[in-house]
Number of protein chains: 2
Amino acid sequence: MNAIDNSDLVLVPARATLALINDALVAEGLPAADAARCAELMTEADLTGADGHGIFRLPQYIRRLKAGGFNKHPNITVKKTAPATALVDGDNGMGHLVMSRAAAEAIAIAREQGTGFVGVRGSNHAGPAGLYAEMPTAHGMIGIYSAVANANHMATWGGADHLLGTNPLAIGVPSGAGPLVFDMATSIVAYGTVKKYALRGLTMPDGWFVNPDSGEPITDPKRSGEGMLLPMGEYKGSGLALMIGLIAGVLNGAAFGRDVVDFNADDKSETNTGHFIIAVDIARFLPLAVFNAEVDRHVRDLRQSKRLPGVDQIRLPGDRRIECRAERLRDGVPLARALIAQLDKMAAELKVKPLAQR
Amino acid sequence: MNAIDNSDLVLVPARATLALINDALVAEGLPAADAARCAELMTEADLTGADGHGIFRLPQYIRRLKAGGFNKHPNITVKKTAPATALVDGDNGMGHLVMSRAAAEAIAIAREQGTGFVGVRGSNHAGPAGLYAEMPTAHGMIGIYSAVANANHMATWGGADHLLGTNPLAIGVPSGAGPLVFDMATSIVAYGTVKKYALRGLTMPDGWFVNPDSGEPITDPKRSGEGMLLPMGEYKGSGLALMIGLIAGVLNGAAFGRDVVDFNADDKSETNTGHFIIAVDIARFLPLAVFNAEVDRHVRDLRQSKRLPGVDQIRLPGDRRIECRAERLRDGVPLARALIAQLDKMAAELKVKPLAQR
């Protein structure tokens, strides 16, 4: 991979990014409580290093709110379809609000029934998958979350039509030392990473993107529109994207495959985004304290294990989130100058204070 | 990858392999119904192309039965821990029997509650993950299955201690045209594939195995004992193996990490193998016929999609299983001569008819 030049990054306090997100959403007509919830989750994405999912997305969300692509006053409904399952209809509200409601429902069901499966339709882009897989962990539960991504950046393995998203899979498990949160795209990298590379003028490594006609690699992220992302682990990532897409999409009456709206290109059409979340209540299997201590023991074994030559540290799922969170709370969130310029322009249009005045 | 020479393979009718498995297990003291169930599932593994999980495992299972490593008369118990969850204790019975019981329980719970999560402990190697993820599909349900593998062939990403298994993840989804079954190891290949390469004297490609001291690739499968398998998608496969291992192992009081018994090296110790299976009843979300038709439509889109240069056919999860099953029912199961020699020796020792007389 090319060495990354960080000289274009500016550190901005998280309270400033939070406040701008909140004020921009309110200025665009979101109710105060909803704007605050979106700002909180988007800032959590920024703090935990999901750079493609935090304030980076704000100009796009504002554009979409302006264009009428989001329902600013959704009637989010929860239909219990069986004792341990529910179907949430987001009524085209912002994904963060819809998924917050769905995660709360999965947790409430699992509290009663031991496990809960909640499917979601009528939602929208909800930020990083890890956010939602982590939610059950605060209640002593395991969380499993997935979604149909909001654009098809992949083909099926061997194919050249954009029919699959980077459909993420995230799993959260509590431990004594705090939650382990695993969050992966089924593509070789997340599309947000490609967007970040484009914004910063970086070159992508071979093997991320290919031209569907020639099969040749594309390394200029600005030309990513001509190509498609490759799946993680070849046919494995492609197969997993399909299977979880059927569960997050088709099962819930949400969009999948050919029906997915590319929300990067279309600010108006309802995306009918689908997700699912599963919560499992650990205490139904063993005391949470015993579970936590056992996970801690295994994590310690892994951390202290012998390392391959050239490896200075073992990293486990969620480590980067935790380190990043501490660093960024202290030092600020690194934003590219090009993003700050976009945000300043947006702030001027919305007549809210720019980042520099916060 | 090296071209594979198939001249050492002999086609053997599936009824012959099924009968040998059944008779060998009975000869070694398994009750008739249990032997029949194991033979049926192991033959299904052979028919569907999971070559590392069918009759290939029989000599090892027989050795383990002889050594007292399996409980031949297990009292498999199901404890309902909440309305939608259960914990199955396999009492050290053969994994196929334990997981058959657990899958049936998950299906029964999902029928009542919409979804069911069943954790398993006290089990053993149960064959290919796809077998169990597929079971709910016959009942109009989605199946999600995972397990802690029966030997630690991987390290955590960057590590050099054998602390993680190739912990598989399998997902089954019904469709009008038959179930889609996705089954992947979290390692770059399944260890059964390495065993098959060793048996047949084939060379492994670079990138499958490394020497933990030097980090150098190992390509001779007979030297795999000196090395470790690499995870699928680098840190992704390693992180996923950890997370699903915590759910299949720690949650159920089953072995994980340092506590895993290498059942290739140890025929006696209880493995306390853990699994989990989730079933979700589709009819609680939409009519099964509508779901099946929608999946069929998306599958058709994927199959008919444009192909990358040099690709002659789009393959989806489960395609190989279905083709393989039809081919092998017709032509027989391809067994390596070296395996047939092992099976003949075993048959002679057990005083049962060898394959050639069936």
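All values derive from a computational prediction rather than experimental measurement.

Peer 1: Can you help me understand the sheet that holds strand 10 (residues 228-229) of chain A in this one?
Peer 2: Neighbouring strands of a sheet are bound in pairs by backbone hydrogen bonds; such pairs are parallel or else antiparallel. Residues and elements named next belong to chain A. As summarised here, the arrangement of the three strands in space is 9-8-10, forming an open sheet in which the pairing is antiparallel. Of all the strands in the sheet, just strand 9 (217-218) and strand 10 have a single pairing partner and so form its edges. Two elements, strand 8 (residues 209-210) and strand 9, share two bridges in a ladder whose sense is antiparallel. Opposite Val-210, over in strand 9, you have Pro-217 as the bridge partner.

Peer 1: Sorry, what's going on with the pattern of salt bridges here?
Peer 2: Proximity of charged atoms lets side chains of opposite charge pair with each other. Scanning the model with the defined rule gives 44 salt bridges over all chains in all. Put simply, Asp-23 of chain B and Arg-358 of chain B hold a salt bridge, and the shortest N to O gap is 2.8 Å. One end of the pair, Asp-23 of chain B, is in helix 1 (residues 14-27); the other, Arg-358 of chain B, is in the segment after helix 10 (337-350), and 335 residues separate them in sequence. Since its relative accessible area comes to 21%, Arg-358 of chain B is described here as partly exposed. Overlapping salt bridges, with partners in common, bring together Glu-28, Lys-66 and Lys-72 of chain A in one network.

Peer 1: How should the relation of the copies chain A and chain B be read in this particular structure?
Peer 2: Comparison of the two chain copies shows a relationship of rotation about an axis with a shift along it. If you rotate chain A by 180° and push it 0.0 Å along the axis, it lands on chain B with an RMSD of 0.0 Å. The transformation just described matches what one would write down for a two-fold rotation axis. Residue Gly-233 of chain A, judged by its C-alpha, is the member of chain A lying nearest the rotation axis, at 2.5 Å. Here 100% of the interface residues in chain A have copies in chain B that are interface residues too; the copies meet face to matching face.

Peer 1: Would you take a moment to explain the packing of helix 1 of chain B against helix 10 of chain B for this structure?
Peer 2: Geometry of a packed helix pair, given as the angle between the helix axes and the separation of the axes. All names here are of chain B. Running from N to C, helix 1 and helix 10 cross one another at 40°; their axes reach a closest spacing of 10 Å. One element, helix 1, and the other, helix 10, form an angle in the oblique class. Between helix 1 and helix 10 lies a crossing whose hand is left-handed. Packed against helix 1, whose contacting residues are Leu-20, Ala-24 and Ala-27, the element helix 10 presents Leu-343, Met-346, Ala-347 and Leu-350 at the interface. Looking at the contact of helix 1 with helix 10 residue by residue, the classes come out as seven nonpolar, no polar and no charged.

Peer 1: I keep staring at the side chain of His-96 of chain A and nothing clicks. Help me out?
Peer 2: Residues and elements named next belong to chain A. Structurally, the position occupied by His-96 is in helix 4 (residues 95-113). Residue His-96 is classed as buried on the basis of its relative accessible area, which comes to 0%. A distance of 3.4 Å separates a polar atom in the side chain of His-96 from the backbone oxygen of Ala-126. Setting aside residues no more than four positions away along its own chain, His-96 makes contact with Cys-38, Leu-41, Met-42, Tyr-61, His-125, Ala-126, Gly-127 and Tyr-132.

Peer 1: I would appreciate a short explanation of the packing of helix 1 (residues 14-27) of chain A against helix 2 (residues 32-47) of chain A in the present structure.
Peer 2: Residue and element names in this part refer to chain A. Two elements in contact, helix 1 and helix 2, have axes separated by 8 Å at closest approach and are oriented at 145°. Handedness of the crossing formed by helix 1 with helix 2: right-handed. Of the residues in helix 2, those in contact with Ala-14, Thr-17, Leu-18, Ile-21, Asn-22, Leu-25 and Val-26 of helix 1 are Ala-32, Ala-35, Ala-36, Cys-38, Ala-39, Glu-40, Met-42, Thr-43 and Leu-47. Taken together, the residues of the contact of helix 1 with helix 2 break down into 12 nonpolar, three polar and one charged.

Peer 1: When you look at the interface of chain A and chain B in this model, what are you seeing that I'm missing?
Peer 2: In many reports, interface size means the accessible area that the parts give up when they come together. The interface of chain A with chain B comprises 80 residues on the first partner and 80 residues on the second. Both sides of the chain A and chain B interface together cover about 6,500 Å² of buried area, and 74% of this is carbon and sulfur. In this structure, the connection of chain A to chain B is made through six salt bridges. For Asp-213 of chain A, the salt bridge goes to Lys-306 of chain B, with nearest N and O atoms at 2.7 Å.

Peer 1: Explanation requested: the domain arrangement of chain A in the structure shown.
Peer 2: Residue and element names in this part refer to chain A. Partitioning chain A into domains gives domain 1 (1-67 + 321-358) and domain 2 (73-187 + 231-304). The C-alpha centroid of domain 2 is placed 23 Å from the C-alpha centroid of domain 1. Residue-level contacts link 21 residues of domain 1 with 24 residues of domain 2. Here domain 1 and domain 2 share two salt bridges between them. Note that Arg-321 is salt-bridged to Glu-134, the shortest N-O span being 2.5 Å. Viewed at the interface, domain 2 and domain 1 are joined by nine residue pairs in polar contact (both at pLDDT 80 or more). Of all the secondary structure elements, the ones that give two or more residues to the side of domain 1 that touches domain 2 are helix 2, helix 3 (58-67) and helix 9 (319-331). For the side of domain 1 that touches domain 2, the leading source of residues is helix 2, giving seven residues. Across the side of domain 1 that touches domain 2, the residue classes tally to 11 nonpolar, three polar and seven charged.

Peer 1: Can you walk me through the packing of aromatic side chains in this structure?
Peer 2: In this description, an aromatic ring pair is defined by two values, namely the gap between the centres and the angle between the planes. A complete count under the given rule lists 12 aromatic pairs over all chains for this structure. When the centroid spacing of 5.6 Å and the interplanar angle of 15° are considered together, the rings of Phe-117 of chain A and Phe-276 of chain A count as stacked. In this pair, Phe-117 of chain A is assigned in strand 4 (residues 115-123) and Phe-276 of chain A in strand 11 (residues 273-281), connecting sequence segments 159 residues apart. Owing to a relative accessible area of 1%, Phe-117 of chain A belongs among the buried residues under this scheme. Residue Phe-276 of chain A is classed as buried on the basis of its relative accessible area, which comes to 2%. Taking 6.4 Å as the distance between ring centres and 50° as the angle between the ring planes, the aromatic pair formed by Tyr-191 of chain B and Phe-209 of chain B counts as tilted. You can see Tyr-191 of chain B sitting in helix 6 (residues 191-200) and its partner Phe-209 of chain B sitting in strand 8 (residues 209-210), a full 18 residues away along the chain. Judged by relative accessible area, which is 14%, Tyr-191 of chain B ranks as buried.

Peer 1: What am I meant to see in unusual backbone geometry here?
Peer 2: What is expected of a backbone is that most residues other than glycine have negative phi and most peptide bonds are trans. Unusually for a residue other than glycine, Asn-92 of chain A sits at a positive phi of about 60°. Position of Asn-92 of chain A relative to the elements: it lies in the loop between strand 3 (85-89) and helix 4. For Asn-92 of chain A, a relative accessible area of 6% puts it in the buried group. At Lys-351 of chain B, a residue that is not glycine, the phi angle is positive and equals roughly 55°. On the secondary structure map, Lys-351 of chain B appears in the segment after helix 10.

Peer 1: Sorry, what's going on with the sheet that holds strand 6 (residues 169-173) of chain B here?
Peer 2: Residue and element names in this part refer to chain B. Strands sit in the order 2-3-4-11-5-6-7 across an open sheet of seven strands; the sheet is mixed. Among the strands making up the open sheet, the edge pair consists of strand 2 (77-82) and strand 7 (180-184). Each strand of the sheet is rotated relative to its neighbour by a mean of 15°, with strand direction disregarded. Here strand 2 pairs with strand 3 (residues 85-89) via five bridges, running antiparallel. Looking at strand 3, one finds that Lys-80 is bridged to Ala-86.

Here is what the cut-offs are and how they apply
- Residues numbered from 1 in each chain as written.
- Chains lettered and ligands numbered in written order.
- Predicted model: local features only at pLDDT ≥ 70, side-chain atom pairs only at ≥ 80, totals over all residues.
- Heavy atoms only, no water.
- Pairing = 2+ DSSP bridges.
- Helix = DSSP H or I, 4+ residues; strand = E, 2+ residues; numbered from the N terminus.
- Salt bridge = Lys/Arg side-chain N within 4 Å of Asp/Glu carboxyl O.
- Buried < 20%, exposed > 50% of the residue type's maximum accessible area, 1.4 Å probe, protein only.
- Least-squares fit on C-alpha atoms with pLDDT ≥ 70 in both.
- Contact = heavy atoms within 4.5 Å.
- Axes fitted to C-alpha atoms, helices over the stretch in contact; angles between N-to-C directions.
- Parallel < 35°, antiparallel > 145°, perpendicular 65-115°, else oblique.
- Left-handed = near helix turned anticlockwise from the far one by under 90°.
- Nonpolar A, V, L, I, M, F, W, Y, C, P; charged D, E, K, R; others polar.
- Polar contact = N/O pair within 3.5 Å; in protein donor to acceptor, adjacent residues only side chain to side chain.
- Buried area = accessible area lost by both parts, 1.4 Å probe.
- Domains from an automatic or database assignment.
- Phe/Tyr/Trp six-rings, centres within 6.5 Å; stacked < 30°, edge-to-face > 60°.

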